[in-house]
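Each chain is listed here by its residues.
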Amino acid sequence: MTEEYDVLIVGGGMVGATVACALGNSALSVALVEQTSPATFSPEQDHDMRVSALSIASQQILQTIGAWEAIIDMRSCPFKRMRVWETAGDTEFNSTAIDYDELGYIVENRITQLALLDRVKDFSNITLLCPASIENIQYQDGKTQVTLADGKSLSGKITVGADGGQSRLRQTANIGVTSWDYQQHAMVINVETDYEQQDITWQRFVATGPQAFLPLSGKNGSIVWYNTPEAVKRLKTLSYDALITEMTETFPDCLGKITKVLGVASFPLKRQHAQTYVNQGIALVGDAAHMINPLAGQGVNIGLLDAACLAEVLLDADRAGKNIADIDVLKRYERLRRNENLKMMTVMDAFYRIFSNKSMPLKILRNLGLGLAERITPLKNKVMRGAMGLEGRLPKLAKGESIL
Ligand SMILES: Cc1cc2nc3c(=O)[nH]c(=O)nc-3n(C[C@H](O)[C@H](O)[C@H](O)COP(=O)(O)OP(=O)(O)OC[C@H]3O[C@@H](n4cnc5c(N)ncnc54)[C@H](O)[C@@H]3O)c2cc1C
């Protein structure tokens, strides 16, 4: 017997679980399948290596669907300032300039996911299957059938692929991608400093790649050191003491003295874009649809906008008496999101190329850019609003409006 749902979501990471919560209390029946149960939270745990800078738009989405309070109750670090510099140019953004208390929040990915999966349990129209391992996915004539390892079989009028960059659903549906690897890896180093972190993120651009410092709660911080794959490989072989010495030599004094390394991880950087976000009976969201250079921390932020937009499109269609699996309905979601995401990917690529380059004309250009951003207040405020996710056409949830 196959269990039939209106919406079957494959992948309960931050983005898939947001789609589910956004459909909570609606007339649609929803199943959310996640293969791994995230470890429960306790305050004495070290910070995870995977953290994200959540924009104000993301915070608004999470608040409107009822998951934000739980994040705040666990652990997060708000920041109101962002300093960006390179050899000569320097600029600092401050949210108070545009009357916001914060520019964003640094939150561990697991905490966001835990808050969302917990919120899912409040909705009687959502069935959460977690941990649930998928044995088989079949896609035929616009219909997806998922078989779990315990033999259970599920299908949805539409199936949402929220199963990350390697999306099995996307591959099963034969949706191709354009992709390439950046010649940089991101090394993430969780550190303890000699003083409590402030309300500021730091980002310095050098030719080998950006160097960023994200504040975490207490005396903790997350350093993201972009470099060539070879350089990251070498750094990973160092003892923690030797790594502290290298960081002290490389990173500016303003971070405070690094007293301890708590963990190290590295990630290859890839750009990937699905050739289409939708197919008959299928919609892709988050990293399943797009992976972008994380240098400005926008990946999950655009993923949460996908989630909010897809939920809104589906509920609008259902209320209007349309079939939610109709390709015209799904195409509407694609029209609203694909170009927006492509623009963001293009801007990130431009940053990558302009800043990771020793050429003199580009050096002049980027110093000019930072200088202009510093001097021209409307331009500076527009850049800041962009980083906060407040520019462009926003789905209702990102504006704090209900979609039910
Ligand atoms: C170094 C680095 C720093 C970053 N920093 C930021 C940042 O500051 N801000 C930001 O916005 N973004 C950032 N990102 C990007 C961000 O991490 C991703 O965009 C985000 O994790 C994507 O979320 P997702 O839910 O789409 O996919 P994922 O996080 O990949 O989640 C997919 C989920 O699907 C589940 N799954 C997969 N396959 C199956 C299956 N077959 N069955 C059931 N479940 C399945 C997985 O277990 C997982 O839970 C960063 C990325 C990197 C590499």
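Residues numbered from 1 in each chain as written. Predicted model: local features only at pLDDT ≥ 70, side-chain atom pairs only at ≥ 80, totals over all residues. Heavy atoms only, no water.

J.: I'd like a description of helix 6 (residues 229-237), backed by residues and values.
T.: Taken residue by residue, helix 6 has Ala231, Val232 and Leu235 as its buried positions. Along the axis of helix 6, the buried positions cluster into a sector of 100°, meaning they face one direction only. Turned more than 90 degrees away from the buried face of helix 6 sit Glu230, Lys233 and Thr237, all of them exposed. Packing partners of the buried residues in helix 6 comprise strand 12 (177-193), strand 15 (220-227), helix 7 (240-250) and strand 16 (258-274). (Buried < 20%, exposed > 50% of the residue type's maximum accessible area, 1.4 Å probe, protein only. Helix = DSSP H or I, 4+ residues; strand = E, 2+ residues; numbered from the N terminus. Arc of directions from axis to C-beta. Contact = heavy atoms within 4.5 Å.)

J.: Any details on the side chain of aspartate 6? Residues and values, ideally.
T.: Mapped onto the secondary structure, aspartate 6 falls in strand 1 (residues 2-10). When near neighbours in sequence (up to four residues on either side) are disregarded, aspartate 6 contacts Ala27, Leu28, Ser29, Gly156, Lys157, Ile158 and Ile324.

J.: Please set out the pairing of strand 5 (residues 81-85) residue by residue, giving values where relevant.
T.: Consecutive side chains along a regular strand alternate between the two faces of the sheet. Extensive coverage of strand 5 is indicated by the burial of five of its five residues. Burial along strand 5 is two-sided: the residues Arg81, Arg83 and Trp85 and Met82 and Val84 are all buried. The pairing of strand 5 with strand 6 (residues 90-94) spans five bridges and is classified as antiparallel. Pairing of arginine 83 across the sheet is with glutamate 92, part of strand 6. In this structure, strand 5 lies alongside strand 13 (residues 200-206), joined through five bridges in parallel fashion. Following the sheet pairing, arginine 83 is matched in strand 13 by tryptophan 202. (Pairing = 2+ DSSP bridges.)

J.: Describe helix 2 (residues 56-64), naming the residues involved and giving the relevant values.
T.: Inspection of helix 2 places Ile56, Ala57, Ser58, Gln59, Ile61 and Leu62 among the buried residues, and these make up the whole buried set. After helix 2 finishes, the residue glycine 66 shows a positive phi value of roughly 85°.

J.: Report on the pattern of salt bridges, specifying residues and quantitative values.
T.: Scanning all chains against the criterion turns up 17 salt bridges. Between aspartate 306 and arginine 337 there is a salt bridge whose closest N-O contact spans 2.9 Å. One end of the pair, aspartate 306, is in helix 8 (residues 299-319); the other, arginine 337, is in helix 9 (residues 327-355), with 31 residues separating them in the sequence. Accessibility expressed as a relative area gives 3% for arginine 337, which makes it buried. Note that lysine 343 and glutamate 340 form a salt bridge whose closest N and O atoms lie 3.4 Å from each other. With lysine 343 and glutamate 340 both in helix 9 and three residues apart, this pair spans about one turn of that helix. Here glutamate 340 falls in the partly exposed class, since its relative accessible area comes to 25%. (Salt bridge = Lys/Arg side-chain N within 4 Å of Asp/Glu carboxyl O.)

J.: Can you lay out the sheet that holds strand 4 (residues 77-79) for me, pointing to particular residues and giving the numbers?
T.: Here three strands make up an open sheet; going across it, the order is 3-7-4 and the pairing antiparallel. Two strands lie at the open edges of the sheet, namely strand 3 (51-55) and strand 4, each paired on one side alone. Pairs of neighbouring strands in the sheet enclose a mean axial angle of 25°, with direction left out of account. In this sheet, strand 7 (residues 104-108) lies alongside strand 4 in antiparallel orientation, the contact comprising three bridges. Residue pairing across strands places proline 78 opposite tyrosine 105, the latter belonging to strand 7. The sheet contacts of helix 4 (residues 109-120) involve strand 3 and strand 7, and relative to strand 7 the element is tilted by about 85°. (Axes fitted to C-alpha atoms, helices over the stretch in contact; angles between N-to-C directions.)

J.: Can you tell me about the side chain of asparagine 341, naming the residues and giving the values?
T.: Mapped onto the elements, asparagine 341 comes out in helix 9. Once residues within four sequence positions are removed from consideration, asparagine 341 is found in contact with His273, Tyr277, His290, Ile302 and Asp306.

J.: Account for the nonpolar core, naming residues and giving values.
T.: Counting 106 residues, the largest nonpolar core has Val7, Ile9, Leu314 and Tyr333 as the members making the most contacts within it. Tallying contributions element by element places helix 8 first for this core, with 13 residues. In terms of nonpolar packing, the next biggest core, distinct from the first, is built from 18 residues, Phe213, Trp225, Leu235 and Ile258 among them. (Core = buried A, V, L, I, M, F, W, Y, C linked by side-chain atoms within 4.5 Å.)

Distances and angles like these do not, on their own, reveal function.
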